[in-house]
Amino acid sequence: VYGDVDNDGIYTLGVDVPFPGVDVQVTDSLGTVYNLTTGPDGSFSQAVAAGSTTVNVVDATLPAGATLGFGSTDPTVVNVPVGGTGSDDTGYIGYE
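The structure presented is a predicted model; accordingly, all values stated were derived computationally and were not measured.

S.K.: Can you lay out the sheet that holds strand S4 (residues 33-37) for me, pointing to particular residues and giving the numbers?
M.R.: If you walk across this open sheet you meet the four strands as S4-S3-S5-S7, and the pairing is antiparallel. At either margin of the open sheet sits one strand with a lone partner, and together these are S4 and strand S7 (76-80). Direction aside, the axes of adjacent strands within the sheet are offset by 25 degrees on average.

S.K.: Run through the environment of Asp88, naming residues and quoting values.
M.R.: As for its position among the elements, Asp88 is in the loop between S7 and strand S8 (91-93). In the structure, Asp88 is positioned 21 residues away from Thr67 in sequence and 16 Å away in space, judged by C-alpha atoms. Apart from residues no more than four positions distant in its own chain, Asp88 is found in contact with Val55, Thr76 and Val78. Looking at Asp88, its side chain comes within polar contact range of the side chain of Thr76, at 3.4 Å. Reaching out from Asp88, the side chain makes a polar contact with the side chain of Thr90 at a distance of 3.1 Å.

S.K.: With reference to specific residues and values, describe unusual backbone geometry.
M.R.: Geometrically, the link from Asp74 to Pro75 is a cis peptide bond, its omega value of 0 degrees lying close to zero. In this fold, Pro75 is placed in the loop between strand S6 (67-68) and S7. Notably, Asn7 is not glycine yet its phi reads approximately 45 degrees, a positive angle. Along the chain, Asn7 falls in the loop between strand S1 (2-3) and strand S2 (17-18). Given a relative accessible area of 32%, Asn7 falls into the partly exposed group.

S.K.: Run through the side chain of Thr38, naming residues and quoting values.
M.R.: Along the chain, Thr38 falls in the loop between S4 and strand S5 (51-57). Overall, the relative accessible area of 5% leaves Thr38 in the buried class. Contact partners of Thr38, with chain neighbours within four places excluded, come to Val1, Phe19, Pro20, Gly21, Val22, Val24, Ser43 and Phe44.

What counts as what
All residue numbers refer to positions counted from 1 along the written sequence of the respective chain. Totals for whole chains, interfaces and linings use every residue, but because this is a predicted model, local features are given only for residues with pLDDT of at least 70 and side-chain atom pairs only at 80 or more, for both listing and counting. To get the side-chain values, take all heavy atoms of the structure and skip hydrogens and water. We call two strands paired when DSSP finds no fewer than two bridges between them. Think of it this way: any DSSP run of H or I at least four residues long counts as a helix, any run of E at least two long counts as a strand, and we number them from the N terminus. Interaxial angle, 0 to 180 degrees, is taken between N-to-C directions of lines fitted to C-alpha atoms, where a helix line uses only the stretch in contact. Any two residues having at least one pair of non-hydrogen atoms within 4.5 Å are treated as being in contact. Any N or O atom pair separated by 3.5 Å or less is treated as a polar contact, with the protein-specific requirement of one donor-capable and one acceptor-capable atom, and with residues adjacent in sequence counted only for side-chain atom pairs. Working definition: with a 1.4 Å probe on protein chains only, accessible area under 20% of the residue-type maximum means buried, over 50% means exposed, and in between means partly exposed.

The following block contains the structure:
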């Protein structure tokens, strides 16, 4: 979860700004809900069951004025393959 300074929809190290301390709710394909918080680099991680997983950034914990940037959606559905990894790259613009 990050401030997409150049609003290109891709996290660019050294350009974009990570958002630490943002709450994220992850619901896996079995309906298990995980409440997470982003680390200093704006990332979060959780092992989940394979299948359709919903990632929802808790808007109230974002910096003031933050709105979704180019190509970002929230919530986002991520397909996690068996034995694999899924990822969600959510960028925001207009924050203070």
